[in-house]
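# Examination of the molecular architecture
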Amino acid sequence: PARVQESDFSPPHSAISCLAVVRQGAMTPPSTPVELEGKRLVVEAGDRLHDYALKHGLTNRLTTVVSQEVALREVAEGRQDCALVCRMPALYFIERRGWTNLVLANSPLFTDEYCYAVPKGHSALLAQLSEGVNLLAARGEHRRIHDKWLGPYRHSPPSWRVVLRYLAMVVVPLMGVLGISLFWSWSLRRKVESQTKELRALVKE
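A quick note: this is a predicted structure, and the numbers were derived from the prediction, not measured.

What follows concerns a nonpolar patch on the surface. Where nonpolar side chains cluster on the molecular surface, the patch consists of Met169, Val170, Val171, Leu174, Met175, Leu178 and Leu182 and spans about 700 Å² of accessible area. Structurally, the position occupied by Leu182 is in helix α7 (residues 160-204).

Once that is clear, we can look at the environment of Thr32. By the element assignment, Thr32 lies in the loop between β2 (14-23) and α1 (33-36). A sequence separation of 12 residues divides Thr32 from Ala20, and the C-alpha atoms of the two residues are 9.3 Å apart. If near-sequence neighbours (up to four positions away) are discounted, Thr32 is found in contact with Tyr52 and Leu109.

So, about the side chain of Arg87. Along the chain, the position of Arg87 falls in helix α4 (residues 87-97). Notably, Arg87 is buried but unbridged: the nearest opposite-charge side chain belongs to Glu95, and the N-O separation is 13 Å. Not counting the four nearest positions on each side in its chain, Arg87 is found in contact with Ile16, Ser17, Leu19, Leu104, Ala105 and Asn106.

Scanning the entire structure with this criterion turns up nine salt bridges. Among the salt bridges present, the one from Glu69 reaches Arg73, with a minimum N-O distance of 3.9 Å. Placement of the pair is Glu69 and Arg73 together in helix α3 (residues 68-76), with a separation of four residues, close to one helical turn. Overlapping salt bridges, with partners in common, bring together Glu69, Arg73 and Arg97 in one network.

The pLDDT averaged across the protein chain works out to 86; a share of 87% of its residues lies at or above 70. Element-level mean pLDDT values for the protein chain span from 72 in α7 up to 98 in strand β3 (residues 41-44).

Consecutive residues of a regular strand have side chains that alternate between opposite faces of the sheet. In this sheet, strand β4 (residues 62-65) lies alongside β3 in parallel orientation, the contact comprising four bridges. Paired with Leu41 across the two strands is Leu62, which belongs to β4. As for the winding sense of the linkage, the β-α-β connection from β3 through helix α2 (residues 48-55) to β4 is right-handed. Of the strand pairs in this sheet, β3 and strand β5 (residues 82-86) are connected by three bridges, and their pairing is parallel. Bridging from a neighbouring strand, Val42 pairs with Ala83 of β5.

Glancing now at the packing of α3 against α4. Between α3 and α4, whose axes approach to 10 Å, the crossing angle comes to 60 degrees. One way to sum up the angle between α3 and α4 is to call them oblique. Crossing of α3 against α4: the hand is right-handed. Residues Gln68, Glu69, Leu72 and Arg73 of α3 touch α4, and the partners they reach there are Pro89, Ala90, Phe93 and Arg97.

What counts and how
Residues numbered from 1 in each chain as written. Predicted model: local features only at pLDDT ≥ 70, side-chain atom pairs only at ≥ 80, totals over all residues. Heavy atoms only, no water. Patch = residues over 30% accessible without salt bridge, like charges linked within 9 Å, V, L, I, M, F, W, Y side chains within 5 Å. Areas by Shrake-Rupley, 256 points an atom, 1.4 Å probe, with all protein chains shown as cover. Salt bridge = Lys/Arg side-chain N within 4 Å of Asp/Glu carboxyl O. Helix = DSSP H or I, 4+ residues; strand = E, 2+ residues; numbered from the N terminus. Contact = heavy atoms within 4.5 Å. Buried < 20%, exposed > 50% of the residue type's maximum accessible area, 1.4 Å probe, protein only. Lys, Arg positive; Asp, Glu negative; His and termini not counted. pLDDT = per-residue confidence, 0-100. Pairing = 2+ DSSP bridges. Right-handed = clockwise from strand over helix to strand, strands pointing away. Axes fitted to C-alpha atoms, helices over the stretch in contact; angles between N-to-C directions. Parallel < 35°, antiparallel > 145°, perpendicular 65-115°, else oblique. Left-handed = near helix turned anticlockwise from the far one by under 90°.

Set out below in structure tokens:
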């Protein structure tokens, strides 16, 4: 609401999930303000997630940096516990920088609608922007641009290769254990049968 005093906004053009990112194996990514308490948090200064941290009183161990990319680096390199970022930029920077040790929360802290903003009172500029967005949408260009730049970072179900790989990681060890168990059972049975024959031979003597 405070930003409405300084800017005028266009209708929303997209919705973006805002969430927590942590190092793999360090902890379960928080998804509520309570779960964020006591963590070393890092956030882009002045960002919507900075407002979120301030609103929920998460200032005790809060660090601000110049961008979401820097926030992610702070966590990837172990200087902070948790970065508060937007999903799409996080996925982009993780892929670009190769930060494979970072894990995104499955549940967002919140989802925000994104708009274009102009200085308060610049209604002509805002109308021009809104008209341009509406024309792009009518021609299908808005969808094409969205799919080109944001499509690769949408959440999608795993491919069959990924499913088979994870199944192999579970099934192969289980098959190994089963095989060892069967071999042990067979060996034990053979040993019992051998000893039984020896005992019968002794009884006959």
